[in-house]
Amino acid sequence: MNHEVIVAISGVLVGGVIAQWLGWRLRIPAIVFLLAGGVLVGPVFGILDPDETFGDVLLPMVSLAVAVILFEGSLGLGLSGVRTAGRTVWMLLTIGALTTLAGTSLAAHYILGTDWRMASLLAATVVVTGPTVVGPIVRSLGMKGRLAAILETEGTLIDSIGAILAVLVFQAAYGTADGLRSIGIGMAHTMAVGIALGIVGAALLVLAFGWYLIPDELDNATTLATVLGVFAAADTIKPEAGLVAATVMGIAMAAQRRVSVHHVLRFNETLRIIFISILFVVLAARIQPETLRTLELRNLGFLLVLILLVRPLSVWLSTVFSPLTRGERVFLALTAPRGIVAASVASVFSLRLTEIGVEHSQVLVSATFTVIAGTVLLAGLGSRPLARRLELLGKERETTIVLGANPVAQAFAKALEQQDVATRLIGLDRSELVSGRMRGLTIKQGSVFDGETWQEAGIEEAGRFVAMTASDELNALAARQAGMTLGRRQIYQLPPDRPEHRSWWKSPIGTFGRPLFGPEATFTTLERLMEDGWTVTATRLTEKHGMAELERSRPGAILLAIIGSKGDLQLVTTEVTQRPKVGATVLTLSRQLIDDVSDRAIKKANRVAAKTPRTERPSSAAEPAPEASELAPAAAPEPPSGSR
């Protein structure tokens, strides 16, 4: 049995991570692959039966994992996220939740044929929109701003509220609770316990970190232990208060300004990915084959009523006086996936209903699974096309942020701008800022050690970060910090100047950006070449004048970037071996050869090609206007070794 548990845990974790990778690779929310994988290994092939494998510890483990996920979500959200969400989210949590309860109860009674008690319990179970699904979907879309904050705030807060409500409805319908008055008192008591213990837990952590009572290596472990301890204490005092405590604790930790929580947030993000990977595989694997076989058309009808009628109605009533646009309202109305909390609540109550002899208790599980699977698949597969159709996904993620306002960085950024690649620079030197702005570049003044500088530059909405200052140390530190937001794949840095650093530059220790333009293209080398008259030039490749002709006409030219025919940007690094194709525009740093016949031929071909209509961006972007400072040198220096 022990061996079976080890294999099951390892298999679920490996499969979950593979599903996460597939979601990232295919740009589809990983929840879809997690749910599909769980169904395959569970009810379809019978490889995994979580209840038999894990026994009585399964549901407590699920509860603890959900508590950590809620803490991470609220910690990342913070009070600023709640403020960004604004009044709309509170309307969704009150008017919207009540509308969902009423509408779902009616649908369950008249479509599924349940009695009113079962209909009310089912409605309370599926009123949630879990952060275990909403968060990954919002992140996969790269969605920011008001709408993202509303979705994540609603999912984070409604999870704990919905779980409490389900418990109270169960007690009122099948237990000893006495109607609405008892439900109201019970909810107030549960909320009070959860809020109080959540604030206490956050205060203990802040004081411990602020007074340096905890060594750095124990910060994350202490945080995790405190979250679980507070959850257990609150749940012991009042059932389901633990979810409230974990949520409030995260918001309180994010709201304080005494200690930094960035390192804690990074650790909890890792836990969130692991727990979500495990939970959704286990959730789908727990579905009994009988449940799949008993899914009827009325279950699908129930699902369609929730998606097409109940949710849109609740969103409409909640956003009557909201500043949301029509597109944002539509997206919000069609994005309400249910998650692991709904599944665990339905499983627990199904067992309790069976114990007390309630007939047709399996309806609760089958209907809940239908809602979870349907809403997850709809949100997972349809969220990106829907957001694009509603024009909610702009091109902000394609913005390139360049650290440095020196002439090298300015020339590179100007060439990108001329190819319709949005670029922002960060610099401190006043003279460089003035010269850059005179060239029409967007430059933010500030230090990378100041969080406001990153925020004003728009690092969270950027597509890539490029460090091009004269300081190797500053480039490395900035690259590491930017990587925490964008991921190391989108972080680039000029290779270090000092030869003794070349060895650690090549080692994959994860603290530096991807090396730009080749190992010898250091800042000193690029600066010297530009002082000697080399310039950044854009050339569109044609059938007659391709990359080979360009290399012959401009010997020693350093390839900087490749812009595809559809406007996709690829920065050249030591890892890039792909040669540019016909139709692409290449940026090179090269000497000006005004009298060279081949060079003139290429320019003429580019002018002809520029007159040809292009579908993705204006043809004028193919041949940038020369800068006034670009002069042809009398004799160009030798290019650095290894350059192209």
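Residues numbered from 1 in each chain as written. Predicted model: local features only at pLDDT ≥ 70, side-chain atom pairs only at ≥ 80, totals over all residues. Heavy atoms only, no water.

Enquirer: Break down the pattern of salt bridges for me, citing the residues and quoting the values.
Expert: The tally for this structure, following the rule as stated, stands at three salt bridges. For the salt bridge of glutamate 154 with arginine 311, the shortest nitrogen-to-oxygen distance reads 2.9 Å. Placement of the pair is glutamate 154 in helix 8 (residues 146-174) and arginine 311 in helix 14 (residues 297-318), with a sequence separation of 157 residues. Take glutamate 154: its relative accessible area is 5%, and that puts it in the buried class. The buried category is assigned to arginine 311, whose relative accessible area is 8%. Among the ionic pairs, glutamate 549 bridges to arginine 552, the shortest N-O distance being 2.6 Å. Taken together, the positions of glutamate 549 and arginine 552, both in helix 24 (residues 547-553) and three residues apart, correspond to about one turn of that helix. (Salt bridge = Lys/Arg side-chain N within 4 Å of Asp/Glu carboxyl O. Helix = DSSP H or I, 4+ residues; strand = E, 2+ residues; numbered from the N terminus. Buried < 20%, exposed > 50% of the residue type's maximum accessible area, 1.4 Å probe, protein only.)

Enquirer: Explain the nonpolar core to me, using residue names and the numbers behind them.
Expert: If you look at the biggest cluster of nonpolar residues, it comprises 93 residues, and the most contacted ones within it are Met143, Phe302 and Phe331. Sorting elements by how many residues they give to this core places helix 8 first, with 14 residues. Here phenylalanine 302 is in contact with Thr104, Ala107, Ala108, Ile111, Leu112, Leu122, Ala367 and Val371, once residues within four sequence places are set aside. Within the second largest apolar cluster, 35 residues are counted, among which are Val421, Tyr492, Phe517 and Trp534. (Core = buried A, V, L, I, M, F, W, Y, C linked by side-chain atoms within 4.5 Å. Contact = heavy atoms within 4.5 Å.)

Enquirer: Got a sec to walk through the confidence of the model for the protein? Specific residues and values, please.
Expert: Scored by pLDDT, the protein has a mean of 78; 83% of the residues are at 70 or more. Mean pLDDT values for the elements of the protein range from 50 in helix 22 (residues 502-506) up to 92 in helix 14. Low pLDDT, under 50, characterises residues 507-511; the stretch is placed with three contacts to residues that sit more than four places away or in other chains. For residues 614-644, every residue scores under 50 in pLDDT, and the model assigns this stretch 69 contacts once sequence neighbours within four places are set aside. (pLDDT = per-residue confidence, 0-100.)

Enquirer: Explain the packing of aromatic side chains residue by residue, including any values.
Expert: Across all of its chains, the model carries two aromatic pairs by this definition. For the pair tyrosine 110 and tryptophan 116, a centre-to-centre distance of 6.0 Å together with 85° between the ring planes defines the contact as edge-to-face. (Phe/Tyr/Trp six-rings, centres within 6.5 Å; stacked < 30°, edge-to-face > 60°.)

Enquirer: Which residues make up the sheet that holds strand 2 (residues 423-427), and what are the values?
Expert: On the basis of which strands lie adjacent, the open sheet formed by six strands has the order 3-2-1-4-5-6 and parallel pairing. At either end of the open sheet lies a strand with only one pairing partner, and these are strand 3 (442-445) and strand 6 (514-515). Where strand 2 and strand 3 come together, four bridges link them in parallel fashion. In the strand pairing of strand 3, leucine 425 is matched with isoleucine 443. Seen against the sheet, helix 18 (residues 407-418) touches strand 1 (400-403) and strand 2 and runs at an angle of roughly 165° to strand 2. Across the sheet, helix 19 (residues 430-438) lies against strand 2 and strand 3, angled at about 160° from strand 3, the strand it touches most. (Pairing = 2+ DSSP bridges. Axes fitted to C-alpha atoms, helices over the stretch in contact; angles between N-to-C directions.)

Enquirer: Just give me the short version of helix 11 (residues 241-255), but keep the residues and values in it.
Expert: At 3.6 residues per turn, the α-helix brings residues three or four places apart onto the same side. Its 15 residues give helix 11 an end-to-end C-alpha distance of 21 Å, which sits within 8% of 21 Å, the value for a rise of 1.5 Å per residue. The buried count for helix 11 comes to 13 of 15 residues, which makes it a mostly enclosed element. (Expected span 1.5 Å × (residues − 1).)

Enquirer: I'd love a proper account of the packing of helix 6 (residues 116-125) against helix 8, names of residues and values included.
Expert: Contact pair helix 6 / helix 8: the axes reach a minimum separation of 8 Å and the direction vectors enclose 170°. Taken as axis vectors, helix 6 and helix 8 run roughly antiparallel relative to one another. Taken together, the residues of helix 8 that come into contact with helix 6 (itself represented by Arg117, Met118, Ser120, Leu121 and Ala124) are Gly162, Leu165, Ala166, Val169, Phe170, Ala173 and Tyr174. Along the lines of polarity and charge, the residues of the contact of helix 6 with helix 8 split into nine nonpolar, two polar and one charged. (Parallel < 35°, antiparallel > 145°, perpendicular 65-115°, else oblique. Nonpolar A, V, L, I, M, F, W, Y, C, P; charged D, E, K, R; others polar.)

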